[in-house]
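Listed below, chain by chain, are the residues.
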Amino acid sequence: MQARQRTWRERKVIEKKKSTNLFRLGLRRLLFLLCLGLCGALASATLVRFAPGYGVTEREVDPRWSANSIEALRQKHALHQGLPSFYFHYLSALAHGDLGESDSLKRPVRELLRQRFPVTGNSVIRGLGVAWLAAALLASLGLVIRGWFFEASATAFNSFLLSLPSAVVAMLAVHLRAPVFFAIAIVVFPRLYSYIRNLLVRAYDQPHVLAARARGLGNSAILFRHVLPLAAPPLLALLGVSFAISFGAAIPIEALCDSPGLGQLAWHAALSRDLPLIVNVTLIVALVMLAANSLADFAGRTFAGSTS
Amino acid sequence: MTPLQKVAASILCALFALIVLTTFLLPAHYARQFRDIPNAGPSSAHPLGTDALGRDFLARLLYGTRVSLLLAPAAALLATLVAAVLGSAAGLLGGWFERIVLAATDLSLALPWLFLLLVVRAMLPLDVPPLVSVVIAFLMMGLLGWQASVRVICAAARGIRDSDFLLLARSSGCKPARLLVRHVAPNLRPLFYAQFFISIPLFILTEANLSILGLGVMEPMPSWGNLMRGFEDFSTLSANPWRLTPLILLVIVVMCFQLVLPSQEVAQ
């Protein structure tokens, strides 16, 4: 009885330690995110400040404007301020959600982001959903069937999709009138499939899975009770990475499919050399990606902690 | 090497031989316009026909193959060099330098690569001569494509730093320069080769994406991505299916690289 009580106490202590460690990890991740966000914001401010043509307005080359008026205009836009003062103003504006104004579209970047982010977010989430479902189904099917023909044809198909540039997939989507999320799914699927397949194969080769199979456990029971808990932490980490892949794929796909999302906005900004727009869009996308990666990593560690 | 890998390696060798022989095989200069025969079909004078501006498509394809297949390995070499220097230094020195390099790598890896390329491209002028656009594309990919390799190289260098043979060499009075040249570099060299070859197909695809979006190699200089810009007009493509040859070549080359090269996991 005493021994059992000690075990219970020990378990309690271990659980408490685990939760404390997780809390510390979460706090450290949050701090890391904040530091990276600050570095990213400073880098963005530097890029905007030293961009060619910074502070030059159309009025400055208009001969009808006098030198005094142009000087007054420059004073108004605080172009003579020093670098530290510029950084301070940029960061304080950023903290208040003011991301500046687009040079080419003549609209606040914040407003453009508010309009475009939901479009890309919607396409990315739906595309990721389709890609994950297809990759997981095909990888699981490969494990159940385990025939050389299935494996060879799936690998060849996957390799073919990996060899297609995302811009070509986008043009194909335009031709077939397929939705944007489908094109994103086609680009993301092969990257997910090969990784998921390798993870599942490794998990299936574990001795405890072999023992379960020898005991006559069914395929679905092995998959859900023994394989998936083992593969879940790296799969959750992959979820974070797949967000970055799909946001990257969204640029050519949205640009060529004429979808009014963030990808199209970034492409337009690059073509018109609109640095305040592209830099701020990239900063926001980077922060979203980092948050998604940290969340996925945290979820993976929590899951691993709860199952060990 | 499996028979399939041998076939893939032979195809790659044949294509690289084609790059060398391109100068002698070109039916016409890639920018020369035959204004009286635009959008012509295949003929003995123009085996793959001409484009909308009357330029010989075979000449453009051969020259574009040379540009794409030279640009990608050059960018891969630059990226591997940057990764080798940063990763080895981080792994061997450890401490704060390693943490900073790995944090920068994490940040870059979290960011979609194409966004980063667009930011850098937006800082550079767009109306540049074609040759300058090739150099810009090569430098951009080379200087921004090192992140994935840094992690792998850093992990390997850390392993070597903690190894017994390095401890023995150090205790024998081996100087740091000799340690690097005789003990560290030979052990990391296979990893550098693997990272270099793994980057090539990635850069081929990136160049194609950038050029299709009008941010890579500029006209009239051809590249695979540039030649694929015409795919937007599918009516022309269905009437002239031979225009698909750049895509077919690109897919074959990237698939051959995937077959021949060790996977990322093996490299790790």
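Residues numbered from 1 in each chain as written. Chains lettered and ligands numbered in written order. Predicted model: local features only at pLDDT ≥ 70, side-chain atom pairs only at ≥ 80, totals over all residues.

**Some details on the overall build of chain A**
We apply this condition: A run of H or I in DSSP becomes a helix once it reaches four residues, and a run of E becomes a strand once it reaches two; helices and strands are each numbered from the N terminus. Whether a residue is buried, exposed or partly exposed follows from its count of other C-beta atoms within 10 Å of its own C-beta, namely 20 or more, 12 or fewer, or something in between, respectively; the C-beta atoms are built from the backbone. Two residues qualify as a contact pair if the distance between their C-beta atoms, derived from the backbone, is within 7 Å.
Looking only at helices and strands, one finds 11 helices and zero strands in chain A. When its helices and strands are written in sequence order, chain A yields α-α-α-α-α-α-α-α-α-α-α. By the burial criterion, 31% of the 308 residues in chain A qualify as buried. Of the contacts formed within chain A by residues at least 6 apart in sequence, a portion of 75% connects residues at least 24 apart.

**Description of the packing of helix α1 (residues 3-25) of chain B against helix α2 (residues 57-93) of chain B**
Residues and elements named next belong to chain B. As a reminder of what qualifies: Fitted lines through C-alpha atoms give the axes, limited to the stretch in contact for helices. The angle between two N-to-C directions lies from 0 to 180 degrees. Any angle between 65 and 115 degrees counts as roughly perpendicular, while under 35 counts as roughly parallel, over 145 as roughly antiparallel, and the rest as oblique. For any pair of crossing helices, the crossing counts as left-handed if the nearer helix is rotated counterclockwise from the farther one by less than a right angle, and right-handed if it is rotated clockwise.
Packing of α1 against α2 brings their axes to within 9 Å, and their N-to-C directions diverge by 135 degrees. The pairing of α1 with α2 is recorded here as oblique in orientation. Crossing geometry of α1 relative to α2 is assigned as left-handed. Of α2, the residues touching α1 (which contributes Leu15, Phe16, Leu18, Ile19, Thr22 and Leu25) are Leu62, Tyr63, Thr65, Arg66, Leu69 and Leu70.

**Brief notes about the confidence of the model for chain B**
Residues and elements named next belong to chain B. As a reminder of what qualifies: Across the chain, each position has a pLDDT score giving the predictor's confidence in that residue, from 0 to 100.
Put simply, chain B has an average pLDDT of 86, and 97% of its residues get 70 or more. Segment residues 264-268 is flagged for pLDDT under 50; beyond a separation of four residues in sequence, or across chains, it makes eight contacts in the model. Here the complex is predicted with pTM 0.83, and the ipTM for its interfaces comes to 0.86.

**Brief notes about the interface of chain B and chain A**
Rules: Residue type decides the class: Asp, Glu, Lys and Arg count as charged, Ala, Val, Leu, Ile, Met, Phe, Trp, Tyr, Cys and Pro as nonpolar, and the leftover types, Gly among them, as polar.
On the chain A side, the residues contacting the 29 residues of chain B number 34 residues. If you list the elements that add at least two residues to the side of chain B that touches chain A, you get α3 (95-110), α4 (113-123), α8 (176-212) and α11 (245-260) of chain B. A per-class count over the side of chain B that touches chain A returns 24 nonpolar, three polar and two charged.

**Overview of unusual backbone geometry**
Here Glu219(B) and Pro220(B) are connected by a cis peptide whose omega angle stands at 5 degrees. For Pro220(B), the location among the structural elements is in the loop between α8 and α9 (224-227). In this model, Lys106(A) sits at a positive phi of 55 degrees, which is unusual for a non-glycine residue. Its place among the elements puts Lys106(A) in the loop between α3 (83-95) and α4 (109-145). Positioned with a positive phi, Asn39(B) is a non-glycine residue whose angle comes to about 55 degrees. Looking at the secondary structure, you find Asn39(B) in the loop between α1 and α2.

**Notes on α1(B)**
For clarity, the threshold we go by: Bend is computed residue by residue as the angle between axes fitted to the seven residues ending at the residue and the seven residues starting at it.
Where α1(B) bends most, at Ile19(B), the angle is about 45 degrees. Counted residue by residue, α1(B) has one buried out of 23 residues, so it is predominantly exposed.

**What to know about helix α10 (residues 262-271) of chain A**
All names here are of chain A. With eight of 10 residues buried, α10 is to be regarded as a mostly interior element. When we look at burial in α10, the residues that qualify are Leu262, Gly263, Gln264, Leu265, Ala266, Trp267, Ala269 and Ala270. Remark: Arg273 follows α10 within two positions and exhibits a positive phi of approximately 50 degrees.

**Comments concerning the environment of Gln195(B)**
Note that Gln195(B) resides in helix α8. Sequence spacing of Gln195(B) and Lys175(B) is 20 residues, and the spatial spacing of their C-alpha atoms is 28 Å.

**A word on the packing of α1(B) against α11(B)**
Residue and element names in this part refer to chain B. At their nearest, the axes of α1 and α11 sit 9 Å apart, and the two run at 135 degrees to each other. Viewed along their axes, α1 and α11 adopt a mutual orientation that is oblique. α11 is crossed by α1, and the crossing has left-handed handedness. Listed contacts from α11 to Leu4, Gln5, Ala8, Ala9, Ile11, Leu12 and Leu15 of α1 are Ile252, Val253, Cys256, Leu259 and Val260.

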